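# Chain and residue survey
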Amino acid sequence: MPSERAQVARHAATVLAGQLAVMAFGVTDTIVAGRHAPASLAALSIGSAVYVSVYVALMGILQALLPVWAEQRGAGETTAIGRSVRQALYLCALASLLGMAVLLSPGAILRWTEVPADLRAEVGRYLTVLAAALPPALAFRLYTTLNQALGRPQLVTWLQVGSLLVKIPLSIAFTFGFAGLPAQGAVGCAWATLAVNYLLLAIAIGLVRSSSLYARLALWRRLERPDRAQIARFARLGVPAGLAVMVEVTSFTLMALFIARQGTVAAAAHQIAANLTAVLYMVPLSLAIATSARVSYWRGSGDEALARQVAWMGFRMAGAIALALSALLYAARASLASLYTASADVLAMAFGLLAWVALYHVADALQTFCAFVLRCYGITIAPLSTYGVLLWGAGLPAGYALAYTGFAGREPLHSPAAFWIGGALALVVTAAVFTAMLALALGKAGSAARAGGR
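Residues numbered from 1 in each chain as written. Predicted model: local features only at pLDDT ≥ 70, side-chain atom pairs only at ≥ 80, totals over all residues. Heavy atoms only, no water.

### Looking at empty space enclosed by the protein
Counted by the stated rule, this structure contains two cavities of 30 Å³ or more. The calculated volume of the largest cavity comes to roughly 60 Å³. Residue lining of the largest cavity: Thr14, Val15, Gly18, Gln19, Arg141, Thr144, Gln148, Pro153, Val156, Thr157 and Gln160, and that is the complete set. For the lining of the largest cavity, the secondary-structure elements that each account for two or more residues are helix H1 (2–36), helix H6 (117–149) and helix H7 (154–176). The leading source of residues in the lining of the largest cavity is H1, at four residues. The residue makeup of the lining of the largest cavity, split by class, is three nonpolar, seven polar and one charged. (1 Å grid on protein atoms, 1.4 Å probe; cavity = no way out; pocket = protein on both sides within 12 Å on 5 of 7 lines; lining within 4 Å. Points joined across faces, edges and corners; volume = space filled by probe spheres on them. Helix = DSSP H or I, 4+ residues; strand = E, 2+ residues; numbered from the N terminus. Nonpolar A, V, L, I, M, F, W, Y, C, P; charged D, E, K, R; others polar.)

### A few points about the packing of aromatic side chains
The final tally for this structure, using the stated rule, is ten aromatic pairs. Their ring planes at 50 degrees and their centres at 5.9 Å tell us that Tyr143 and Tyr214 sit as a pair that is tilted. Here Tyr143 is found in helix H6, whereas its partner Tyr214 is found in helix H9 (residues 212–215), with 71 residues between them in sequence. Overall, the relative accessible area of 6% leaves Tyr143 in the buried class. Residue Tyr214 is classed as buried on the basis of its relative accessible area of 1%. Here the aromatic cluster, defined as three or more aromatic residues joined through ring pairs, consists of Phe140, Tyr143 and Tyr214. In this structure, Arg333 packs its charged tip against the face of Tyr330, placed 3.9 Å from the ring centre. Sitting above the plane of the Phe372 ring, Arg375 keeps its charged end 4.3 Å from the centroid. (Phe/Tyr/Trp six-rings, centres within 6.5 Å; stacked < 30°, edge-to-face > 60°. Buried < 20%, exposed > 50% of the residue type's maximum accessible area, 1.4 Å probe, protein only. Lys NZ or Arg CZ within 6 Å of the ring centre and 35° of its normal.)

### As for the layout of surface pockets
Of the pockets and cavities examined, the second largest pocket occupies roughly 430 Å³. As for the second largest pocket, its lining consists of 15 residues, and the residues nearest its centre are Val85, Leu89, Ile205, Val208 and Trp220. For the lining of the second largest pocket, the secondary structure elements donating two or more residues are helix H4 (78–104), H6 and helix H8 (186–210). Considered class by class, the residues forming the lining of the second largest pocket number 13 nonpolar, no polar and two charged.

### So, a nonpolar patch on the surface
A cluster of nonpolar side chains, contributed by Leu98, Val102 and Ile109, occupies part of the molecular surface with about 220 Å² of accessible area. If you trace the backbone, Leu98 turns up in helix H4. In this structure Leu98 comes out as exposed when scored by relative accessible area, which is 53%. (Patch = residues over 30% accessible without salt bridge, like charges linked within 9 Å, V, L, I, M, F, W, Y side chains within 5 Å. Areas by Shrake-Rupley, 256 points an atom, 1.4 Å probe, with all protein chains shown as cover. Salt bridge = Lys/Arg side-chain N within 4 Å of Asp/Glu carboxyl O.)

### Concerning the nonpolar core
Trp69, Tyr377 and Leu438 are the most contacted members of the largest nonpolar core, which totals 137 residues. Contact partners of Trp69, with chain neighbours within four places excluded, come to Ile81, Ser84, Val85, Ala88, Leu142, Thr145, Leu146 and Ala149. (Core = buried A, V, L, I, M, F, W, Y, C linked by side-chain atoms within 4.5 Å. Contact = heavy atoms within 4.5 Å.)

### A closer look at unusual backbone geometry
Positive phi, normally seen in glycine, also occurs at Ala218, with a value near 55 degrees. As for its position among the elements, Ala218 is in the loop between H9 and helix H10 (228–260).

### Points about the packing of H10 against helix H14 (residues 344–375)
Relative orientation of the contacting elements H10 and H14 amounts to 170 degrees, with a least axis distance of 11 Å. Judged by the angle between their axes, H10 and H14 are roughly antiparallel. H14 is crossed by H10, and the crossing has left-handed handedness. Residues Leu237, Ala241, Val245, Glu248 and Phe252 of H10 touch H14, and the partners they reach there are Tyr360, Asp364, Gln367 and Arg375. Along the lines of polarity and charge, the residues of the contact of H10 with H14 split into five nonpolar, one polar and three charged. (Axes fitted to C-alpha atoms, helices over the stretch in contact; angles between N-to-C directions. Parallel < 35°, antiparallel > 145°, perpendicular 65-115°, else oblique. Left-handed = near helix turned anticlockwise from the far one by under 90°.)

### Some details on the pattern of salt bridges
On inspection of all chains with the given rule, the structure shows four salt bridges. Where Arg299 meets Glu304, a salt bridge forms, and the shortest distance between an N and an O atom there is 3.0 Å. On the basis of relative accessible area, Glu304 is assigned to the buried category, the value being 14%. Within the structure, one salt-bridge network assembled from shared partners comprises Glu71, Arg299 and Glu304.

### Description of H10
The end-to-end C-alpha distance of H10 is 45 Å, a good match for the 48 Å that 33 residues give at a rise of 1.5 Å each. Taken as a whole, H10 carries its principal kink of about 30 degrees at Ala235. (Expected span 1.5 Å × (residues − 1). Bend = angle between axes of the 7 residues up to and from the residue.)

### Some thoughts on the environment of Gly185
Within the secondary structure, Gly185 is located in the loop between H7 and H8. Assessed through its relative accessible area of 3%, Gly185 is described here as buried. In sequence terms Gly185 and Arg35 are 150 residues apart; their C-alpha atoms lie 9.8 Å from each other. Beyond its immediate sequence surroundings of up to four residues, Gly185 is in contact with His36, Ser40, Glu122, Phe174 and Thr175.

### Digging into H6
Here H6 spans 45 Å end to end across 33 residues, near enough to the 48 Å set by a 1.5 Å rise per residue. The sharpest bend along H6 reaches about 35 degrees and sits at Ala133, with the proline Pro135 one to four residues further on. Among the 33 residues of H6, 25 are classified as buried, and the element is accordingly described as predominantly covered. Remark: Gly151 follows H6 within two positions and exhibits a positive phi of approximately 75 degrees.

### What about the side chain of Thr14?
Within the element layout of this structure, Thr14 appears in helix H1. Residue class for Thr14 comes out buried when judged on its relative accessible area of 18%. In terms of polar contacts, Thr14 uses its side chain to reach the backbone carbonyl oxygen of Arg10, at 2.9 Å. The residues contacting Thr14, other than those within four sequence positions of it, are Pro153, Gln154 and Thr157. (Polar contact = N/O pair within 3.5 Å; in protein donor to acceptor, adjacent residues only side chain to side chain.)

Here's what the structure looks like:
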């Protein structure tokens, strides 16, 4: 197990570096658009919220294929991986068409969220460019998932980190204008994203064709006709996983929309809490990806006992790291909040919110880890249902009631803390339910393996 622990840790650290680089894309665009004009920043904020909601749901469908390829690797079915990846291209194409349709017709969403009319035109242009950037982004996610399943995430991380060297100057050039190119505001950031996405995809295709890592997988072969049965199996695994991610993200997005009516101080304090939550989330996400790759590998090898041991090892690592990070956040919350703002009012409110973020993160880490490992056992519908009931059905309504209508005889808080309390408590219950699901799944797999060995 020490060797497994070291391998999972190395894999997770590599994935984490890449995830933080991807997060830096958004930070770059926010800074550049903010320096250009307040209207550009507002358009970017609205447009990116729509794009991210679409992208992460579709990305979740493709990310859920990791256990499939990791199991095939464990079973030594290398050429089967190549056929499976080629079939996944059809799913990627369908996801791209669906996402582009939403991004090219955002009018209903913008009206429902009451986006000011003077911003809708620029938001629409921003999303039109990102609609063209979506197919390469999803195709590169397919490449990323394959590398994670192979236990070789280093190539992807280097590409993600290196792409920042392209993204930053392009965002500046397109946003402010350069060498006769007119300034394009927030839309310039979208053009930079489109260029980087196609560059990453081109490099990935070149590596698939030329690298010895992929030669044994026989990836570069003539594309077979769609295998409806296999694509349906992919969809049964991926679609619930993608919808679950969408529920998570939209519950977080709706928090921000409900809090916005409390004013700029509340919105700013919430943004600080949300940003730190997103950064912390990258740690359990990376560990979940790394652990699920090893669990599926050992399942494919036929060693259910070791798969179970790796799953619980990863769970303990996720819990211990989450507790350490939450304690650090709680102790340093004043200093961390002061990095974001000089406003005494925002600082005071953010200080209080970060105490709830510390609790939120522990539950978020455990439920994230469990959700990924449950996919290794084909369990996706139950987690999706749990998310819907607890995050949409309990966490958000409880937060709204605490904030605006009062709850159990208490006066309304009129504070973003109400939503963080509701969200944190909903995630605590979610983490407990997912942990029970994982224990049941691991127990059943172990029993089945023992029965088969008799």
